[in-house]
Each structure stands twice: as structure tokens, then as C-alpha cells.
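Chain by chain, the residues:
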Amino acid sequence: MILLGQDAVIRDINPPATRLLGGKREDYLGKEIFALVDPVDRFFLREKWSASNSSAFVTRQFTVRLRKTEGPSDWHTLRVEAGDESVENPLCLVELQHLSTMRSQG
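The structure presented is a predicted model; accordingly, all values stated were derived computationally and were not measured.

**Structural notes on the overall build of the protein chain**
Step number 1: When its secondary structure is counted, the protein chain shows three helices and five strands.
Step number 2: Listed N to C, the secondary structure of the protein chain is β-β-α-α-α-β-β-β in terms of helices and strands.
Step number 3: A burial count over the protein chain gives 37% of its 106 residues as buried.
Step number 4: Residue pairs in contact within the protein chain that sit at least 24 positions apart in sequence constitute 42% of those at least 6 positions apart.
Step number 5: Here the protein chain has roughly 6,400 Å² of accessible surface; of this, 49% comes from carbon and sulfur atoms.

**What to know about unusual backbone geometry**
Step number 1: Its identity as a non-glycine residue notwithstanding, Ala8 has a phi of 65°, on the positive side.
Step number 2: Residue placement: Ala8 occurs in the loop between strand S1 (2–5) and strand S2 (10–13).
Step number 3: Judged by its relative accessible area of 4%, Ala8 falls in the buried class.

**Some words on the pairing of S2**
Step number 1: Two elements, S1 and S2, share three bridges in a ladder whose sense is antiparallel. Opposite Leu3, over in S2, you have Asp12 as the bridge partner.

**Concerning the environment of Val64**
Step number 1: Along the chain, Val64 turns up in strand S3 (residues 59–66).
Step number 2: Overall, Val64 belongs to the buried group, its relative accessible area being 0%.
Step number 3: C-alpha of Val64 to C-alpha of Arg42: the two residues are 22 residues apart in sequence and 8.2 Å apart in space.
Step number 4: If we ignore the near neighbours within four places in the chain, the residues touching Val64 are Val37, Asp41, Phe44, Leu45, Asp74, Trp75, His76 and Leu78.

What counts, and where the lines are drawn
- Residues numbered from 1 in each chain as written.
- Predicted model: local features only at pLDDT ≥ 70, side-chain atom pairs only at ≥ 80, totals over all residues.
- Heavy atoms only, no water.
- Helix = DSSP H or I, 4+ residues; strand = E, 2+ residues; numbered from the N terminus.
- Buried < 20%, exposed > 50% of the residue type's maximum accessible area, 1.4 Å probe, protein only.
- Contact = heavy atoms within 4.5 Å.
- Areas by Shrake-Rupley, 256 points an atom, 1.4 Å probe, with all protein chains shown as cover.
- Pairing = 2+ DSSP bridges.

Here it is in C-alpha cells:
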């Protein structure tokens, strides 16, 4: 799980997510979620992220390649749950689901 601020900056990341990505907690804090995405998919995610409805309590889902500290990027589904925007500094919860190192073509 990753906790994001409304600016898509990582506020917190739990140990399972850091193990999945191969880094340490401090490697991710303060970075935009887009920095974790493989450059090939980064434009796609930025476009979809900004075009999606960000109203309160919306769940969005994106499948992209996330960069790992070592080795090739892996496919993950990001399930993003937006927080209540009526509160000051709303947060988003991002659940990472690892798909595989190879995504089927076709």
C-alpha cells in the first residue's frame, strides 16, 4: 500500500510495497507516484490520472509497469482509492497488485 497526497506525492509506503519494488521506505517518500512508473508507461498514467474523476471516494484502477530497484520493470495494477476531498489535505490509498514480469501480447 502507498499513501499519496492530493499532489500524487508519496506520503507513506508499507513494507510489503517496498519489498515488491525492491527499495527502502526512504527511497520513495516525497516522490511522485509517476517516478515509480516505467518511462514507457509514465505519459499514459499521467494522462489517465489527470483525466479521471477525482471526486471524493472514487476508486480508479491503472495497469502499468513499475520500475524496480534492480531488474526489469514488472506489470502492476494500481488500485487508487481517493479520500474525502472535503477535508483539508485529502489522501489517496494505492494498493499494488503484481501481475507478472511478462504481460501477454495480443
